[in-house]
Every structure is written in structure tokens, then in C-alpha cells.
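The lines below spell out each chain.
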Protein chains: 2
Amino acid sequence: MSGFDIAPEPDADGLTANLQGLDAQGQPISLPVVQERPLTIYLNRQEVITAMTLGDRPKEMAAGFLFNQNMLKRGDVITGIDYDDEIDVVVVRTAHETDYEAKLQKKIRTSGCAQGTVFGDIMERFETVSLDPDTQLSTSQLITLSKQINTVPSLYLKAGAIHGCVLCAPERPLVYIEDIGRHNAVDKIAGHMFLNNISGHDKIFYTTGRLTSEMVIKTVLMGIPILVSRSGFTQKGVELAQQAGLTLIGRARGSRFIALSGTQRIIFDHTDNAEDADNLSEKASAQRAFYDQTR
Amino acid sequence: MSGFDIAPEPDADGLTANLQGLDAQGQPISLPVVQERPLTIYLNRQEVITAMTLGDRPKEMAAGFLFNQNMLKRGDVITGIDYDDEIDVVVVRTAHETDYEAKLQKKIRTSGCAQGTVFGDIMERFETVSLDPDTQLSTSQLITLSKQINTVPSLYLKAGAIHGCVLCAPERPLVYIEDIGRHNAVDKIAGHMFLNNISGHDKIFYTTGRLTSEMVIKTVLMGIPILVSRSGFTQKGVELAQQAGLTLIGRARGSRFIALSGTQRIIFDHTDNAEDADNLSEKASAQRAFYDQTR
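For clarity, every value in this text was computed on a predicted model and none was experimentally measured.

1. Concerning the sheet that holds strand S13 (residues 256-261) of chain A
Link 1 in the chain: If you trace the eight strands from one edge of the open sheet to the other, you get S9(A)-S8(A)-S10(A)-S11(A)-S12(A)-S13(A)-S1(B)-S2(B), paired in mixed fashion. Two strands lie at the open edges of the sheet, namely strand S9 (173-179) of chain A together with strand S2 (28-34) of chain B, each paired on one side alone. Across this sheet, the average inter-strand angle for adjacent strands is 30 degrees, counted without regard to direction.
Link 2 in the chain: Relative to strand S12 (residues 247-253) of chain A, strand S11 (residues 226-229) of chain A runs parallel, the two being bridged by three bridges. Each bridged residue has a counterpart across the sheet, and for A:Leu227 the counterpart in S12(A) is A:Leu248.
Link 3 in the chain: Here helix H4 (residues 139-151) of chain A sits on the sheet in contact with strand S8 (163-168), S9, strand S10 (204-207), S11, S12 and S13 of chain A, set at roughly 45 degrees to S9(A).
Link 4 in the chain: Against the sheet, helix H6 (residues 182-195) of chain A touches S8, S9 and S10 of chain A, its axis set at about 135 degrees to S9(A).

See below:
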């Protein structure tokens with residue numbers, strides 16, 4: 001029992017392969033390596049993108065990608081999601097054709113790839129999001145969350161070369177999903193929330209990836225007011241977090257972290273005297289660093 | 001003197017900003033954070049993409065991106081590259097309009113974003129590349145290269161949250177370029193090679209990023225026969241490396257690594273008795289792990 005609603009399944013079929021090679025002394029070695037598969041996403045009749053992914057949870061991946069690209073909105077009714085694992089295609093069908101198909105067709109006729117327009121739309125929505133000011137996270141809760149996330153069995157601990165994202169309540173981690181792409185992992189969480197009608201307003205989002213502009217934008221679009229990462233920041237990520245009033249916590253290792261935005265949501269209740277939790281968490285952090293170094 | 005032809009310039013204007021925040025005890029802290037800027041790339045009159053980048057070396061970034069996307073080929077003559085840092089746009093002009101503009105227009109009319117066609121073209125070229133079978137790398141050379149790369153001043157050591165790519169000769173690292181996106185860093189190296197007519201056949205490519213399919217494809221397109229990473233593998237990356245005959249070395253830390261493809265190019269000359277180089281390199285590796293943990 002991991003205590004998670006959804007936890008990684010590192011030994012599930014098809015997620016890793018055992019490969020043979022040589023170590024630094026020229027001796028044969030075998031190690032588990034994560035899979036990487038293409039997934040082509042359609043919205044109704046419109047092909048949108050082919051992404052390289054871990055391959056699990058294609059329906060969450062597709063719904064979350066479309067939601068985070070602003071191609072699906074909260075009111076849109078999904079009538080079906082079909083996945084064909086022979087040809088690596090997933091089709092999301094909506095009750096009414098969204099306005100995205102026409103918009104994409106128009107945009108791509110005028111100036112190439114649709115990234116520009118889509119991004120413009122996303123920023124319009126970004127500016128309308130109001131994050132819950134009452135959601136809080138204490139430093140002792142943060143330390144406990146990090147420890148639980150870093151010690152539960154995962155593809156990261158088994159094979160490395162993978163990113164993880166975790167949707168959390170302040171009291172416990174809820175949904176931990178991994179992917180070779182950090183944005184895919186975020187999208188799968190967003191898809192899980194969209195398909196299960198889960199609100200982000202009282203949640204915390206934990207990622208192993210860096211706090212770049214894209215990560216901040218996606219977290220805000222999901223309505224989640226607190227974003228935590230083991231990794232560092234970019235200046236644009238911090239600027240957007242400040243603009244949206246997002247609490248941004250980076251370099252979270254053991255009992256340490258740095259917060260560069262929205263610090264009013266943080267309750268500083270962990271003191272250096274609280275040795276037990278701290279030591280446990282430092283141990284988990286050291287384990288993680290060991291894996292980082294060797295995997 | 002770093003001994004590099006091009007080394008990172010961590011203190012250059014505009015690459016980092018000092019930001020203020022709170023640490024885990026709620027105390028004020030200031031730290032350097034890397035910049036993240038949009039860069040819109042045009043090929044002649046065709047807008048191709050807007051990427052989020054560190055912002056330095058926009059001309060190498062544009063040329064390398066277009067080369068690695070197969071939109072520029074070795075024979076194409078670049079008549080000029082114009083960069084406007086007010087509006088973050090770079091335009092690559094060629095003597096003859098390439099066939100990519102028409103292809104992009106055609107593709108995007110039929111099925112959305114052009115990723116599919118472009119990818120198909122890339123794989124056609126991937127399959128024609130023949131990597132030099134005579135290029136070799138000894139394990140003692142690899143240890144020395146890693147040590148030099150990990151100890152030279154860099155944005156990574158200063159601010160973290162960044163990827164680095166290094167074009168190396170077996171004897172020494174040549175060109176070390178960083179970016180917030182690992183693929184941007186690769187593209188900048190490819191652009192430097194394209195613009196300076198540098199052949200990859202006798203080179204080694206070192207990256208801090210994982211050995212995914214994209215990383216393998218780009219290395220092969222650059223004609224470089226040996227790819228080394230501090231990070232791990234994906235199964236598809238290994239499969240493509242084996243298909244192309246690329247030497248693939250991952251998890252390179254100190255005197256350790258794992259090779260999963262093309263091991264015939266590796267000379268195993270480092271013995272456990274060579275304590276000096278080993279210890280120095282382990283120290284550099286430990287320093288790096290410390291920074292990974294704290295930044």
C-alpha cells in the first residue's frame with residue numbers, strides 16, 4: 001500500500017526493456033531501460049501532434065495535452081476517446097466540434113506551424129485564471145510529501161531517465177505519473193483531472209522537472225496554486241508565477257528549498273529541532289541523489 | 001584559459017538575473033536564475049517556430065535548428081542571417097529558396113502541423129548517414145574529457161536549471177554551449193558546425209541530457225560517431241543508435257559508464273590502478289552531484 005490513489009507501476013508490461021551492454025571495464029552488463037513510443041493525437045478529424053512518450057495512459061495524455069494547449073476547455077463534452085496501440089493513435093471526440101480545428105486550419109495557411117496562435121490563446125486564458133489565495137502548505141507537509149514521493153517504487157528508481165509529476169493534497173500525494181517527457185507527465189495529470197472532474201484549487205503540483213515558463217503556465221491553467229520542484233528555476237518561469245500569484249518552490253531537497261513567488265501561502269512550521277522528519281527526508285534525498293549519480 | 005575553443009560565459013550580460021526569495025527557514029535569499037527568452041525562427045519568408053531559449057547565439061541556434069529539422073542541407077548556401085534582439089526574431093536567408101517552404105505549406109494544408117512530414121524526411125536522411133568506423137575513444141580520454149567539462153565555469157555551476165552540450169575531439173573538449181532546452185543546446189552546436197563547415201566524423205558529442213531518440217537522431221545527422229551522456233537511456237534511443245552504428249555511452253560519471261551500442265569504438269585502457277585520474281574525476285563528479293542536489 002503506497003497510500004497514493006495512483007502510483008507508478010515500474011514493473012508493468014511494456015514500460016521497460018532489459019538491454020545488454022558493456023560497463024567501464026568492458027564487462028557485460030544488463031540494465032532496465034525505459035520505453036519510448038510515438039503517440040499521434042487527433043482531436044475529432046484533426047491530427048494535432050505526434051509526441052514521443054512512455055506509452056502508458058494514452059487517453060489521459062491526449063486529453064491533458066489538448067486541455068493544456070487550450071484546444072479543450074472545461075465546458076467541452078468528450079463523447080469518446082479511442083486508442084489503437086497497434087498504430088499508436090489516440091482520437092479524442094467531442095460532442096460539438098471545437099473551434100480549434102477551424103482555427104488551426106486558418107493559422108497554418110497563413111504562417112506555418114500553429115504554435116504561435118495557440119500560444120497566444122493560452123496566454124489569454126492564463127491571464128484570466130484566479131488561483132485560490134486560501135490554499136496553504138506548511139514546510140513540514142512539504143518535507144513529508146517529498147519523502148513519500150521519493151521513496152515509493154517508481155520507474156525513476158528502477159531505470160532512471162524519466163520525469164515524474166505528482167498531484168498532491170497538502171496532507172498526502174494523490175496521483176504520481178511518469179513519462180520520458182516532463183511535459184507529457186504534466187499533460188497526463190491534467191488529463192486525469194479533466195476526465196475525472198478534479199479541481200486544482202486546493203492541490204499542490206510536484207514535478208521533478210525545472211520550473212520553466214511552460215511548467216508554470218500549465219500549472220496555472222490547471223488552477224493549482226502551489227508548484228514544487230526538486231529542480232531549479234528560469235527567470236521567465238518566476239516572472240509568470242509572480243504575475244499569476246502562483247506559489248513557486250524550487251530546489252526542494254530534504255528540508256531545504258527556495259521559494260521565489262507567492263510565499264504567503266507557505267507556513268514555516270518546520271524548525272531545525274524537528275530532527276526525525278528531517279533526517280528521514282535527508283536520507284531519502286541522499287538516496288535520490290545517489291540514483292541521479294549512478295543512473 | 002579553459003583550453004576550449006568556445007567555453008560558457010556564465011557572467012555574460014543578460015544570461016542570468018539575481019532574484020530574491022525565501023529559503024526553507026523563511027529567511028530572505030538571493031540567487032542567480034537563468035534567462036528564458038522566445039526566439040522566432042524564419043527560413044526566408046517562412047515562419048517556422050518560436051522556441052524558448054537562453055537567448056545567446058541566436059544565429060547558431062537558427063541554423064542548427066533548421067539543419068537538424070532537415071530544412072537546411074549541407075549544400076545549401078546561406079546568404080545571410082539577420083537577428084533582431086528587440087523582437088526576438090532571427091531570419092536565415094538562403095541563395096535559393098529551399099524546397100521546405102513549399103513542403104511545409106503543402107503538408108499543413110492536409111493534416112495540421114508539419115511535424116509528421118518533417119520527421120519522415122529526417123528519418124530518410126538518418127538512414128543514409130554512414131558514421132566513421134575508424135573514430136575511437138579510450139576510456140582514459142573519456143574520463144579526462146568529463147573532468148574538463150564538469151569543472152570549467154559554466155551557467156550550470158553558477159545557476160543550474162540548464163543543459164550543456166560539448167563538441168569534443170578525443171584529446172580535448174572544443175565547443176561547450178548551454179541552453180535551457182537540451183535540444184536547443186544541440187542545435188546551437190549543429191549551427192556552429194554548419195556555419196564553420198566543421199565535419200563531425202572524428203568528433204565526440206557530450207551532452208548532459210538523456211539519450212532519447214531525438215538526441216540520437218540529431219547526433220547521427222551531424223555525422224558524429226560517438227555520443228556520451230551523464231544521464232541515462234531510452235529503449236528507442238538505443239535501438240536507433242544500434243541501427244546507425246552510433247557508439248552510445250550513458251551514465252558517464254567519474255570513471256564509470258555504460259555503453260549500449262557501438263562498443264567497438266571504445267578502447268578500454270583505464271584500469272582501476274590509475275588512481276590519480278580516477279580520484280580527480282570522482283571528485284569532479286561528486287561536485288557535480290552536489291550541485292545537482294542543491295541547485
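2. As for the pairing of strand S1 (residues 16-23) of chain A
On a regular strand, one side chain projects to one face of the sheet and the next to the other, so that they alternate.
Residues and elements named next belong to chain A.
Link 1 in the chain: Counting buried residues in S1 gives six out of eight residues, a clear majority hidden from the surface.
Link 2 in the chain: Here S1 runs beside strand S2 (residues 28-34); their pairing, made up of seven bridges, is antiparallel. Residue pairing in the sheet places Leu22 in a bridge with Pro28 of S2.
Link 3 in the chain: Between S1 and S2, which pair antiparallel one after the other, the connecting turn spans four residues, and Gly26 there sits at a positive phi close to 80 degrees.

3. Looking at unusual backbone geometry
Link 1 in the chain: We note that A:Ala161 has phi near 55 degrees; this positive angle belongs to a residue other than glycine.
Link 2 in the chain: As for its position among the elements, A:Ala161 is in the loop between helix H5 (155-159) and S8.

4. Some details on the packing of aromatic side chains
Link 1 in the chain: All told, the structure shown has six aromatic pairs over all chains when counted by the stated rule.
Link 2 in the chain: Here the aromatic rings of A:Phe67 and A:Phe194 are separated by 5.5 Å at their centres, their planes lie at 45 degrees, and the arrangement is tilted. With a gap of 127 residues between them, A:Phe67 in helix H1 (residues 58-68) and A:Phe194 in helix H6 connect regions that are remote in the sequence. Accessibility assignment for this pair places A:Phe67 and A:Phe194 in one class, buried.
Link 3 in the chain: Taking NZ or CZ as reference, B:Arg230 lies 5.7 Å from the ring centre of B:Tyr156, over its face.

5. Focus on the environment of B:Val166
All names here are of chain B.
Link 1 in the chain: Within the secondary structure, Val166 sits in strand S8 (residues 163-168).
Link 2 in the chain: Along the primary structure Val166 and Phe205 are separated by 39 residues, whereas in three dimensions their C-alpha atoms are 5.9 Å apart.
Link 3 in the chain: When residues no more than four places from it in sequence are discounted, the contact partners of Val166 are Phe4, Ile149, Pro173, Val175, Tyr176, Ile189, Ile204, Phe205 and Tyr206.

6. Regarding the pattern of salt bridges
Any two side chains of opposite charge can pair if their charged atoms end up close together.
Link 1 in the chain: What the rule picks out here adds up to 20 salt bridges over all chains.
Link 2 in the chain: For the salt bridge of A:Lys188 with A:Asp179, the shortest nitrogen-to-oxygen distance reads 2.6 Å. Grouping residues by exposure puts A:Lys188 and A:Asp179 together as buried.
Link 3 in the chain: With a closest N to O distance of 3.1 Å, B:Arg172 and B:Asp5 form a salt bridge. Of this pair, B:Arg172 sits in the loop between S8 and strand S9 (173-179) while B:Asp5 sits in the segment before strand S1 (16-23), and the two are 167 residues apart along the sequence.

7. Describing helix H7 (residues 213-221) of chain B
Residues and elements named next belong to chain B.
Link 1 in the chain: Counted residue by residue, H7 has eight buried out of nine residues, so it is predominantly covered.
Link 2 in the chain: Taken together, the buried positions of H7 are occupied by Ser213, Met215, Val216, Ile217, Lys218, Thr219, Val220 and Leu221.
Link 3 in the chain: Residue Gly223 follows H7 closely and has a positive phi angle near 75 degrees.

8. As for the domain arrangement of chain A
All names here are of chain A.
Link 1 in the chain: For chain A, the domain assignment lists domain 1 (37-128) and domain 2 (137-294).
Link 2 in the chain: Carbon and sulfur atoms make up 71% of the surface buried where domain 1 meets domain 2, a total of about 2,000 Å² over both sides.
Link 3 in the chain: Taken as a group, Leu54, Asn68 and Phe126 account for 33% of the area that domain 1 buries against domain 2, more than any other trio of residues on that side.
Link 4 in the chain: Linking domain 1 to domain 2 there are one salt bridge.
Link 5 in the chain: A salt bridge links Asp56 to Lys188, with the shortest nitrogen-to-oxygen separation between them at 2.5 Å.

9. Overview of the sheet that holds strand S11 (residues 226-229) of chain B
Adjacent strands of a sheet form backbone hydrogen bonds with each other and so pair up, either parallel or antiparallel.
Link 1 in the chain: Read from one edge to the other, the open sheet built from eight strands follows the order S2(A)-S1(A)-S13(B)-S12(B)-S11(B)-S10(B)-S8(B)-S9(B), with strand pairing classed as mixed. Because the sheet does not close on itself, it has two edges, and the strands there are S2 of chain A together with S9 of chain B. Neighbour-to-neighbour, the strand axes of this sheet turn through a mean angle of 30 degrees, independent of strand direction.
Link 2 in the chain: Sheet topology places S1(A) next to strand S13 (residues 256-261) of chain B; two bridges connect them, and they run antiparallel. Bridge pairing in S13(B) links A:Asp23 to B:Ile258.
Link 3 in the chain: Helix H4 (residues 139-151) of chain B contacts S8, S9, strand S10 (204-207), S11, strand S12 (247-253) and S13 of chain B of the sheet and is inclined by roughly 45 degrees relative to S9(B).
Link 4 in the chain: Along the sheet, helix H8 (residues 235-244) of chain B makes contact with S1 and S2 of chain A together with S12 and S13 of chain B, crossing S13(B) at roughly 60 degrees.

Rules behind the numbers
Residues numbered from 1 in each chain as written. Chains lettered and ligands numbered in written order. Predicted model: local features only at pLDDT ≥ 70, side-chain atom pairs only at ≥ 80, totals over all residues. Heavy atoms only, no water. Pairing = 2+ DSSP bridges. Helix = DSSP H or I, 4+ residues; strand = E, 2+ residues; numbered from the N terminus. Axes fitted to C-alpha atoms, helices over the stretch in contact; angles between N-to-C directions. Contact = heavy atoms within 4.5 Å. Buried < 20%, exposed > 50% of the residue type's maximum accessible area, 1.4 Å probe, protein only. Phe/Tyr/Trp six-rings, centres within 6.5 Å; stacked < 30°, edge-to-face > 60°. Lys NZ or Arg CZ within 6 Å of the ring centre and 35° of its normal. Salt bridge = Lys/Arg side-chain N within 4 Å of Asp/Glu carboxyl O. Domains from an automatic or database assignment. Buried area = accessible area lost by both parts, 1.4 Å probe.

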